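# A look at the structure
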Amino acid sequence: MNDNDMIFGTAAPVPPSTVTSASAAPSTPKPQVETAQEYRHEGDKSIWGIYGFLCLVSIVELYSASSREVASAGVYGPILRHFLMLVAGFGIVWGLSRVHYKYFFGLAWLIALFSIGSMLYVSMFGEIVNGARRHFSLMGITIQPSEFIKLSAVLVIARIMARSQKPKGVGVINRGIYMSAAVVLLFGALLFKQGLTNTLLLMSISLAMMLIGGTELRKFFLVVGVYAILGAGAVLVKGFVKDHNAQAAQTTAIAEAPENVAERQGTWKARLDRYFSSVPKYEEEITATNRQEMYSYMAQANGGFFGVMPGNSRETARLPLAFSDYIYAIIVEDLGFLGGTALMLLYLALLVRAGVIARKCHRAFPVLLVVGLAVMIVMQALFHMAITTGTFPVSGQPLPLISKGGTSILVTSIAFGMMLSVSRTAVQNGTKQEVKEELSALPEEMRANNPVQF
């Protein structure tokens, strides 16, 4: 009789013992020993709850933040498109949650190759937005390969770190550290041309996963130093390219170019100058270059502590990109400081729950995968909130699962589906028999033990 039989009541009944003698003592029933691993048919309920609540916030707040689109596309046009994307995302989440986590190990490099190919295609043929080629259209959906690059980094680093665990003791061999850093630098080089924020986010995710994978602190800080040196060098090279392009424009009088790298560099500098300006924000004049951040601050100030309630936003009609890069400002205006803080804690709860699942797992790959995906979602959310509130310089970063955007919803849904797969199929606090069965079902390269006991 297995666990499923015990739960669903499909086990065959045991015939009662026949008493052959009046003096015979009745047999004492053996106590049923509960296994440490609970039956998880649909995946972790907490992750499902966080996912569902984020979808609910997404529908309500996107409708509240879409007044500009409502004026041109009708009352239900924007929310209907977004709802259909969330429905498609739910299908992805449910489908991936039914897949055993071991299959993601083999798909890591395939997804990485797709991401690299998409980035190269966009760099040559993508649509130009704010001086950089960022996306292309596929079947009416805007695809941003930069989102897939971050997902690929999590999968590839999880695979490399899982294969590079020391045979004895806790830690990762040097080859795993070198390969992970090389992959991140490759992905970072592809992202750097599109924006500095995405590159920094990628580096942060990779460093968190290296720590989770058991990298020694001395080697960890060495990787940080290498990232810093190469990043500074890239900025200097880009500054040289800016000067070279400016001189070429003066001598050849070419006013238009397929992609103006110098303009992109100037955008970064202008944003950093505004960020480090000593003039108080309330004394700055609203211009075409700073109106996004200024209207964002006004929206958050208007929200106060309790908010004005969804649908009553004052700034959504004039805040550019209120439904995507600045949706958190509308959330704070609608729900106040209290609602904005609650949303931030909800994202952090996802990271905590992923850590709880990882602590119970026995193998390295599901630990790295579930925590890495949670780190990716939560760090992107924190970056978005920091940019919107003025803690970080201005940059475009969607709020996972809430901002409008097909690629962002797609990648976040994939991440949730994979986390639920780990919660459903990985043995957690299992008996010796369950651990043995999981070990025998995995290929040799996936059998490394949990690198960190949280």
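Residues numbered from 1 in each chain as written. Predicted model: local features only at pLDDT ≥ 70, side-chain atom pairs only at ≥ 80, totals over all residues. Heavy atoms only, no water.

## Considering the environment of M209
Basically, it comes down to this: Secondary structure elements follow DSSP: runs of H or I of four or more residues count as helices, runs of E of two or more count as strands, with numbering from the N terminus. Burial classes follow relative accessibility: with a 1.4 Å probe on protein chains only, a residue under 20% of its type's maximum area counts as buried, one over 50% as exposed, and anything between as partly exposed. The criterion used for residue contact is that any of the two residues' heavy atoms lie within 4.5 Å.
Here M209 is to be found in helix α8 (residues 196-212). Residue M209 is classed as buried on the basis of its relative accessible area, which comes to 0%. With sequence-adjacent residues up to four places away left out, M209 is seen in contact with V154, I157, A158, L368 and G372.

## Focus: the packing of helix α6 (residues 145-163) against α8
As a reminder, the rule being used: Helix axes are fitted to C-alpha atoms over the stretch in contact, other axes to C-alpha atoms as well, and angles between N-to-C directions run from 0 to 180 degrees. The scheme is simple: roughly parallel for angles under 35 degrees, roughly antiparallel for over 145, roughly perpendicular for 65 to 115, oblique for anything else. Left-handed describes a crossing whose near helix is turned anticlockwise from the far helix through less than a right angle; right-handed describes the clockwise counterpart.
At their nearest, the axes of α6 and α8 sit 10 Å apart, and the two run at 20 degrees to each other. Taken as axis vectors, α6 and α8 run roughly parallel relative to one another. Taken as a pair, α6 and α8 cross one another with a handedness that is right-handed. For the pair formed by α6 and α8, the contact residues are S146, K150, A153, V154, I157, A158 and M161 on the first element and N198, L201, L202, I205, S206, M209 and M210 on the second.

## Overview of the packing of helix α2 (residues 45-64) against helix α14 (residues 406-425)
We count it as follows: Amino acids outside the nonpolar list (Ala, Val, Leu, Ile, Met, Phe, Trp, Tyr, Cys, Pro) and the charged list (Asp, Glu, Lys, Arg) are all regarded as polar, and Gly is one of them.
The interhelical angle for the contact between α2 and α14, taken along N-to-C directions, is 160 degrees, at an axis separation of 10 Å. As judged from the angle between their axes, α2 and α14 are roughly antiparallel. Every pair of crossing elements has a handedness; the one defined by α2 and α14 is left-handed. Across the interface between the two elements, I47, W48, Y51 and L54 of α2 pack against F416, M419 and L420 of α14. Here the residues of the contact of α2 with α14 sort into 7 nonpolar, no polar and no charged.

## Regarding the confidence of the model for the protein
Spelled out, the test is: For every residue, the predictor states its confidence as a pLDDT score lying anywhere from 0 to 100.
Counting all residues, the mean pLDDT for the protein is 79, and 75% of those residues have values of 70 or more. Predicted confidence is poor over residues 1-27, with pLDDT under 50, and the contacts of this stretch with residues over four places away or in other chains come to 13 contacts. Below a pLDDT of 50 lies the segment residues 29-39, which in the model reaches 17 contacts outside its immediate sequence neighbourhood of four places, other chains included.

## Things to note about empty space enclosed by the protein
Threshold: Only protein atoms enter the 1 Å grid, on which a cavity is a set of points fitting a 1.4 Å probe that cannot get out and a pocket is an open set with protein on both sides within 12 Å along at least 5 of 7 lines, lining residues being those with an atom within 4 Å of a point. Grid points are joined across faces, edges and corners, and a volume is the space filled by probe spheres set on the points.
Under the defined criterion, the tally for this structure stands at 1 cavity of 30 Å³ or more. Of the volumes computed, that of the largest cavity is approximately 60 Å³. Lining the largest cavity are E147, K150, M376, I377, Q380, P400, S408, V411 and T412. At the level of elements, α6, α13 (364-389) and α14 are the ones that each hand at least two residues to the lining of the largest cavity. Among the residues making up the lining of the largest cavity, the classes are represented as 4 nonpolar, 3 polar and 2 charged.

## A short note on the pattern of salt bridges
Where we set the bar: One speaks of a salt bridge when a side-chain nitrogen belonging to Lys or Arg is within 4 Å of a carboxyl oxygen belonging to Asp or Glu.
Taken as a whole and judged by the stated rule, the model has 9 salt bridges. Here R314 makes a salt bridge to E315, at a shortest N to O gap of 2.8 Å. Note on E315: relative accessible area 0%, which makes it buried. Of the charged contacts in the structure, one is a salt bridge between R318 and E315, with a shortest N-O distance of 2.6 Å. Judged by its relative accessible area of 36%, R318 falls in the partly exposed class. Within the structure, one salt-bridge network assembled from shared partners comprises K166, E216, R218 and K219.

## What about the packing of aromatic side chains?
What counts here: Whether two aromatic rings pair depends on their centres lying within 6.5 Å, for rings of Phe, Tyr and Trp, where Trp uses its six-membered ring; planes under 30 degrees apart make the pair stacked, over 60 edge-to-face, and the rest tilted. Only when the NZ atom of a Lys or the CZ atom of an Arg is both within 6 Å of the ring centre and within 35 degrees of the ring normal do we say a charge sits over the ring.
Overall, the coordinates contain 10 aromatic pairs when judged by the stated rule. Ring geometry for F105 against F365: centres 5.1 Å apart, planes inclined by 80 degrees, an arrangement best described as edge-to-face. Of this pair, F105 sits in helix α5 (residues 102-125) while F365 is found in helix α13, placing the two residues 260 residues apart along the sequence. Like F365, F105 is buried. Between F220 and F221, the aromatic rings sit 5.4 Å apart at their centres with planes inclined by 75 degrees, giving edge-to-face as the arrangement. Judged by relative accessible area, which is 10%, F220 ranks as buried. Each member of the aromatic cluster is reached from another via a ring pair, and the members are W48, Y51, F90 and F416. When the ring centre of F323 is taken as origin, the NZ or CZ atom of K404, which lies over that ring, is 5.2 Å away.

## Digging into helix α7 (residues 174-192)
To keep things clear, this is the line we draw: Helix span, expected: 1.5 Å multiplied by one less than the number of residues in the helix.
End to end, α7 covers 26 Å across 19 residues, agreeing with the expected 27 Å (1.5 Å per residue, within 8%). Turning to α7, its buried residues number three or more, namely G176, I177, S180, A181, V183, V184, F187, G188, L190, L191 and F192.

## Let's talk about the nonpolar core
Rules: In this text, buried Ala, Val, Leu, Ile, Met, Phe, Trp, Tyr and Cys residues form a nonpolar core when linked through side-chain atoms within 4.5 Å.
Membership of the largest hydrophobic core comes to 106 residues, with the highest contact counts inside it found for L343, L399 and F416. With 15 residues, the top contributor of residues to this core is α13. With residues up to four places along the chain from it excluded, the contact list for F416 reads I47, Y51, L54, V93, L350, I377 and L401.

## Quick notes on α13
Under the 1.5 Å per step criterion, the end-to-end length of α13 is 37 Å for 26 residues, consistent within 8% with the ideal 38 Å. Within α13, 23 of the 26 residues are buried, leaving the element largely enclosed by the surrounding structure. One or two steps after α13, the chain reaches G390, where phi turns positive at roughly 90 degrees.

## Points about the side chain of S58
Put simply, the rule reads: Contacts described as polar in this section are N or O atom pairs within 3.5 Å, which, within protein, must combine one atom able to donate a hydrogen with one able to accept it, while residues neighboring in sequence count only if both atoms come from side chains.
Turning to its location among the elements, S58 is positioned in helix α2. Of the residues examined, S58 reaches a relative accessible area of 0% and is grouped as buried. Looking at S58, its side chain comes within polar contact range of the main-chain oxygen of I402, at 3.2 Å. In this view, S58 contacts H82, L86, L401 and I402; residues no more than four positions away in its chain are not counted.

## Describing the side chain of S413
Tracing the backbone shows S413 in helix α14. A residue is classified by how much of its surface remains accessible, and S413, at 0% relative accessible area, is buried. A distance of 2.7 Å separates the side chain of S413 from the backbone oxygen of I409, its partner in a polar contact. Residues contacting S413, with those up to four places away along its chain left out, are G89, I92, V93 and L401.

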